[in-house]
Amino acid sequence: MHLVLFLLFAAFCLAGAINLLLQTHPINSALSLIVVMTSLAVLYLLLGAEFLAAAQIIVYSGAVMVLFTFVVMLLNAGREERTLGSHVARAVGFPSVVAIFAVIATVILHAPGLGAAGLNDGITSTEDLSKVLFHELLLPFEVTSVLILIAILGAVALASKGLGTAHEREERPAGK
Amino acid sequence: MNPLLNEVPIAWYLLLSATLFCLGVIGFLIKRNLITVFMSIELMLNAVNLSFVTFAHEWHAVKGQIFVFFVMMVAAAEAAVGLAIIIAIFRARATLAVDRIDLMKL
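Computed from a predicted structure; not experimentally measured.

Trainee: Requested: an account of the interface of chain A and chain B, with residues and values cited.
Mentor: Interface size is often expressed as the accessible area that is lost when the parts come together. Listed by partner, the interface residues are 75 residues for chain A and 62 residues for chain B. Among the elements of the structure, α1 (2-22), α2 (26-46), α3 (50-74), α4 (87-110), β1 (116-118), α5 (126-135) and α6 (138-175) of chain A are those that each provide at least two residues to the side of chain A that touches chain B. With twelve residues, α6 of chain A is the largest single contributor of residues to the side of chain A that touches chain B. Looking at the side of chain A that touches chain B residue by residue, the classes come out as 58 nonpolar, twelve polar and five charged. Sheet topology places β1 of chain A next to strand β1 (residues 7-9) of chain B; three bridges connect them, and they run antiparallel.

Trainee: Could you give an account of unusual backbone geometry, with specific residues and numbers?
Mentor: Residue and element names in this part refer to chain B. Here His 60, not a glycine, exhibits a phi torsion of approximately 50°, which is positive. Along the chain, His 60 turns up in the loop between α2 (34-58) and α3 (62-93). Of the residues examined, His 60 has 11 C-beta atoms within 10 Å and is grouped as exposed. Phi angles above zero are rare outside glycine, and Ala 94 is one such case at about 55°. Looking at the element boundaries, Ala 94 is found in the segment after α3. The class of Ala 94 is exposed, set by 9 C-beta atoms lying within 10 Å.

Trainee: Which residues make up the confidence of the model for chain B, and what are the values?
Mentor: Do not read the fine detail of predicted coordinates wherever pLDDT is low. All names here are of chain B. With 95% of its residues at a pLDDT of 70 or more, chain B has an overall mean of 89. Averaged over each element, pLDDT in chain B is lowest for β1 (84) and highest for α2 (93). For this predicted complex, the interface confidence score (ipTM) comes to 0.90, while the overall pTM stands at 0.88.

Trainee: If you had to explain the packing of α2 of chain B against α3 of chain B to someone new, which residues and values would you point to?
Mentor: All names here are of chain B. Closest axis-to-axis distance for the α2/α3 pair is 10 Å, and the angle between their directions is 175°. With respect to their mutual orientation, α2 and α3 come out roughly antiparallel. Residues Leu 34, Ile 35, Phe 38, Glu 42, Leu 45, Asn 49, Phe 52, Val 53, Phe 55 and Ala 56 of α2 pack against Gly 64, Gln 65, Phe 67, Val 68, Val 71, Ala 75, Ala 79, Gly 82, Ile 86 and Ile 89 of α3.

Trainee: Account for α3 of chain A, naming residues and giving values.
Mentor: Given a rise of 1.5 Å per residue, 25 residues ought to cover 36 Å, and the 34 Å separating the end C-alpha atoms of α3 of chain A matches this to within 8%. If you look at α3 of chain A, its biggest bend is around 30°, right at Met 65 of chain A. Among all positions in α3 of chain A, only Phe 51, Leu 52, Ala 53, Ala 55, Gln 56, Tyr 60, Val 64, Met 65, Phe 68, Val 71 and Val 72 of chain A are buried. Against the buried residues of α3 of chain A lie α2 and α5 of chain A together with α2 and α3 of chain B. Note on α3 of chain A: the residue one or two positions beyond its end, Asn 76 of chain A, has a positive phi of about 55°.

About the thresholds
- Residues numbered from 1 in each chain as written.
- Chains lettered and ligands numbered in written order.
- Predicted model: local features only at pLDDT ≥ 70, side-chain atom pairs only at ≥ 80, totals over all residues.
- Contact = placed C-beta atoms within 7 Å.
- Helix = DSSP H or I, 4+ residues; strand = E, 2+ residues; numbered from the N terminus.
- Nonpolar A, V, L, I, M, F, W, Y, C, P; charged D, E, K, R; others polar.
- Pairing = 2+ DSSP bridges.
- Buried ≥ 20, exposed ≤ 12 C-beta atoms within 10 Å, placed from the backbone.
- pLDDT = per-residue confidence, 0-100.
- Axes fitted to C-alpha atoms, helices over the stretch in contact; angles between N-to-C directions.
- Parallel < 35°, antiparallel > 145°, perpendicular 65-115°, else oblique.
- Expected span 1.5 Å × (residues − 1).
- Bend = angle between axes of the 7 residues up to and from the residue.

Following this line, the structure appears as structure tokens:
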């Protein structure tokens, strides 16, 4: 059962990722990324991470991707023009991607002592997770909330900057 | 039921994670739209999260999952700021094609 579910959702993941590369319209890429993220949530569940599976759907497939689709709609992003890209990307980028993948795959396949994941291995409950999070790692958790607050302020400041100058442009002649 | 059907080698999860990461890098290199380039970065972050969860399962370490939680939070903050930057760029240059946003290119 685990094998069947793994193969099914791994195939969804890879198909979504490849579709993201092949599509030329950003909204299609965004929708394939949602497929990838939701399938990853199922894989997390297979690995016994129930809280992360829920968080993946809420945070990634929900919040982040809605933000992406909103920006695609807001900017009215059209079909992308396919160009060859820079010479550096072709000369250095693609060989190094192949090299990195070859190295990682070799290391993984020759690593000793990697076991197998079964459905009966037990799940990490949210209770266990919260015990570690709120006892040992309380300070990083609180610092993250400050980070998110700063990110909100930064996003508002960046996105409203153009609007502010437009207002100033309108107001300046009227003031004179 | 066949017992072999009930378990999956950990290496397969790690290979899937490596493949997704490399697809993300390829997307970063070939995509010519600012938003899709940003989506490729999110794909890479997700691939790394998968390997974190796999190792947390393999070694029964809860802290691996907590690390994924922090990565998700930072990625959400990064997405908010990054998309705001994309909106600001679109206002200034009226394009999303990365070939035309080359002011800082050597």
